[in-house]
Structures are given as structure tokens and as C-alpha cells.
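Each chain, letter by letter, is given below.
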Amino acid sequence: MANAASGMAVHDDCKLKFLELKAKRTYRFIVFKIEEKQKQVIVEKVGEPGQSYEDFAASLPADECRYAVFDFDFVTAENCQKSRIFFIAWSPDTSKVRSKMIYASSKDRFKRELDGIQVELQATDPTEMGLDVFKSRAN
């Protein structure tokens, strides 16, 4: 279960909550955190379906790394309602180097646990994951 590169396990709750977001649209977003002491990825916060992108952005700490999944709704040029599931690797420049390394080395394995990610973003500051970025990457 643990990743050989970083030794991180993925808590079952992470997969369960992601499946609920993907299949039932129970959540708008999920923020995941690596618990270093337990050496595992856990769910830190979930956003209700009615919450906005702004609520999501506000739930990412300014100086700590996180993984997040965001269910982005948009309307196509043909006026069709669609959604894309984004995976965001949040690694702000102000976070600790050790934290950045742990998150970077665990990312691919963690992402593989979440079957159904459609778009991946790597962000070091809020402008790299702004709504305009979501819109341009969604199509």
C-alpha cells in the first residue's frame, strides 16, 4: 500500500470521497493533506456542491502544499453543460522545501488512486489555478 519512493499510504477515505464526487457529485471539491507522522494522505476538507471556485481557492493554505480535486462545471461554445474533474498539485513557493519534495514524490501514485481525473494542474501561486486557467484547460 505504501509508495516505495516516499513511503506514503493513501487513506481509504480519500478514494471513497473521490468516488462520491465523481459518481454522485456529492462534493464540489476535496482538499487532501499528507499527514507526515502517519505517512499517509488524508482528506482535509470537502466542499459542498453549492460552494464556488472562490470557496475552493480559499481552502488552500497560502504556505503549505496540498493535493486537491475540483469538479469544474462549464458551458461549451455549443451551449452544452459539461464538467471536468481537475487534479491540482498545490505547492506554493513559500512552503517548506521538505514538504514540496514529499508532495512531489507522492503525487503520481496518489493520482493513480483517483481513477477519473481528467485534467491536472500544477500551481505554485493562485494565478496558476485561476478560473481562466480552468476554463482554458477544460475543453
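All of the points below concern the structure found in this document. Source: prediction; values computed, not measured.

1. Let's talk about the pairing of strand 4 (residues 66–75)
Thought 1: For strand 4, a buried count of 8 out of 10 residues is recorded, marking the element as mostly surrounded by other parts of the structure.
Thought 2: Across 4 bridges, the pairing between strand 2 (residues 29–35) and strand 4 is antiparallel. Residue pairing in the sheet places Val31 in a bridge with Ala68 of strand 4.
Thought 3: Joining the antiparallel neighbours strand 4 and strand 5 (residues 81–90) is a turn of 5 residues, in which Asn79 adopts a positive phi near 65 degrees.

2. A look at the nonpolar core
One recurring pattern in soluble globular proteins: nonpolar side chains tend to sit buried together.
Thought 1: In terms of nonpolar packing, the biggest core is built from 21 residues, with Phe32, Tyr67, Val69 and Phe110 touching the most fellow members.
Thought 2: Elements that contribute at least two residues to this core include exactly helix 1 (12–24), strand 2, strand 3 (40–47), strand 4, strand 5 and helix 3 (97–113).
Thought 3: Excluding its chain neighbours within four sequence positions, the residues that come into contact with Phe110 are Val10, Cys14, Phe32, Val41, Tyr67 and Phe87.
Thought 4: Ranked by size, the runner-up nonpolar core spans 19 residues in total, among them Phe29, Tyr53, Phe86 and Ile88.

3. Description of the pattern of salt bridges
Thought 1: Using the criterion set out here, one finds 12 salt bridges in the structure.
Thought 2: Residues Lys107 and Glu120 are paired through a salt bridge, measuring 2.7 Å at the closest nitrogen-oxygen approach. Placement of the pair is Lys107 in helix 3 and Glu120 in strand 6 (residues 119–123), with a sequence separation of 13 residues.
Thought 3: Residue Lys107 is classed as buried on the basis of its relative accessible area of 15%.
Thought 4: Under the relative-accessibility criterion, Glu120 is labelled partly exposed at 24%.

4. Brief notes about the sheet that holds strand 4
Thought 1: Sheet architecture is open: 6 strands sit in the order 1-3-2-4-5-6, paired in mixed fashion. Edge positions in the open sheet fall to strand 1 (9–10) and strand 6, since each of these has one partner strand only.
Thought 2: As paired strands, strand 4 and strand 5 are joined by 10 bridges and run antiparallel to one another. The residue bridging Tyr67 from the neighbouring strand is Ala89, located in strand 5.

Rules behind the numbers
- Residues numbered from 1 in each chain as written.
- Predicted model: local features only at pLDDT ≥ 70, side-chain atom pairs only at ≥ 80, totals over all residues.
- Heavy atoms only, no water.
- Buried < 20%, exposed > 50% of the residue type's maximum accessible area, 1.4 Å probe, protein only.
- Helix = DSSP H or I, 4+ residues; strand = E, 2+ residues; numbered from the N terminus.
- Pairing = 2+ DSSP bridges.
- Core = buried A, V, L, I, M, F, W, Y, C linked by side-chain atoms within 4.5 Å.
- Contact = heavy atoms within 4.5 Å.
- Salt bridge = Lys/Arg side-chain N within 4 Å of Asp/Glu carboxyl O.

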